[in-house]
Amino acid sequence: MEDITDQIKRKYKYAADYGFILAGYIAFFYILDFLFFGNAFVNVLGTLGFWGTIFVCYYLAVRYRDKACDGHIRFGQVWSFGIWLFFFAGLLMAVLYYVRFQFLQPDYLSTQWNEVLLLAEQMKYSKEQMDALMAFGSQTPIQWVFYYLCFYVFGGAILFLLISPMVSRKKPENNIHVSDQDNTYEPYQDKNNSDESKL
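Overview of the structure.

Calculation notes
Residues numbered from 1 in each chain as written. Predicted model: local features only at pLDDT ≥ 70, side-chain atom pairs only at ≥ 80, totals over all residues. Heavy atoms only, no water. Helix = DSSP H or I, 4+ residues; strand = E, 2+ residues; numbered from the N terminus. Buried < 20%, exposed > 50% of the residue type's maximum accessible area, 1.4 Å probe, protein only. Axes fitted to C-alpha atoms, helices over the stretch in contact; angles between N-to-C directions. Parallel < 35°, antiparallel > 145°, perpendicular 65-115°, else oblique. Left-handed = near helix turned anticlockwise from the far one by under 90°. Nonpolar A, V, L, I, M, F, W, Y, C, P; charged D, E, K, R; others polar. 1 Å grid on protein atoms, 1.4 Å probe; cavity = no way out; pocket = protein on both sides within 12 Å on 5 of 7 lines; lining within 4 Å. Points joined across faces, edges and corners; volume = space filled by probe spheres on them. Expected span 1.5 Å × (residues − 1). Arc of directions from axis to C-beta. Contact = heavy atoms within 4.5 Å.

**As for unusual backbone geometry**
Here is step 1: The phi angle at D70 is positive, at roughly 55°, despite the residue not being glycine.
Here is step 2: With respect to the secondary-structure elements, D70 resides in the loop between α2 (40-68) and α3 (75-104).
Here is step 3: Residue classification places D70 among the exposed residues on the basis of a relative accessible area of 64%.
Here is step 4: Residues other than glycine seldom take positive phi values, yet K124 does so here, at roughly 60°.

Here it is in structure tokens:
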């Protein structure tokens, strides 16, 4: 029987490798949105890409099942793989988020925070609620990167609750095949009777 440590190492390896593929898929739409912000076609494409993530994850989970687990896998194994898949994809995407918030658009987070405060004033938030918002304050790029990473892990866990039942497959039972010669019925014959039949 295969060592459990080898199974875990193989799961991490496949999750890291396929996490790179998933991160590349997500990054493609993220960069498009960044370069062509507000473009209607890019918005539609991004929406389609968002829903397409489900099919990409399903495809990666099936490949993991067939290549790493000999075509059979339990629900919990698929779900665990999905969480790690999104964790590694989130780590790679975190670099992209950090570069954007820290270097490319350093005022992005503060601008978004000011819009939140203006929206809260328009919605007639009470003074206590406004004070709580002000105390919360605008977040740093590192904090936002951490939030995004948590979102990826949590989102992956939820998504793979739906995908895992479709991917999981029971291991076939080992059937012991007995040769046809062993299955044939031969009636009991007395040795003396068999000798007489030859005469």
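**A closer look at the packing of α3 against helix α6 (residues 141-167)**
Here is step 1: Where α3 contacts α6, the axes come no closer than 7 Å and their chain directions differ by 155°. It follows from the interaxial angle that α3 and α6 lie roughly antiparallel. In this structure, α3 meets α6 at a crossing whose hand is right-handed.
Here is step 2: Within the contact of α3 with α6, the residues separate by chemical class into 28 nonpolar, five polar and no charged.

**Concerning the environment of C150**
Here is step 1: Mapped onto the secondary structure, C150 falls in helix α6.
Here is step 2: You can call C150 partly exposed: its relative accessible area is 37%.
Here is step 3: Considered as a pair, C150 and F86 are 64 residues apart in the sequence and their alpha carbons are 9.8 Å apart.

**Considerations on the layout of surface pockets**
Here is step 1: One number sums up the size of the largest pocket: a volume of about 850 Å³.
Here is step 2: Sorting the residues of the lining of the largest pocket by element identifies α1 (4-35), α2, α3 and α6 as the ones contributing at least two each.
Here is step 3: Take the lining of the largest pocket: its biggest share by element is nine residues, from α2.

**Some details on helix α4 (residues 108-122)**
Here is step 1: For α4, spanning 15 residues, the distance from its first C-alpha to its last is 21 Å, which sits close to the expected 21 Å at 1.5 Å a residue.
Here is step 2: Buried within α4 we find L109, W113, L117 and A120. Seen end-on, α4 carries its buried residues on one side only, within an arc spanning 80°. For α4, the exposed residues lying more than 90 degrees away from the buried face are L118 and Q122.
Here is step 3: Check the buried side of α4 and you find it contacts α3, α5 (127-136) and α6.
Here is step 4: Backbone geometry just after α4 places K124 at a positive phi near 60°.

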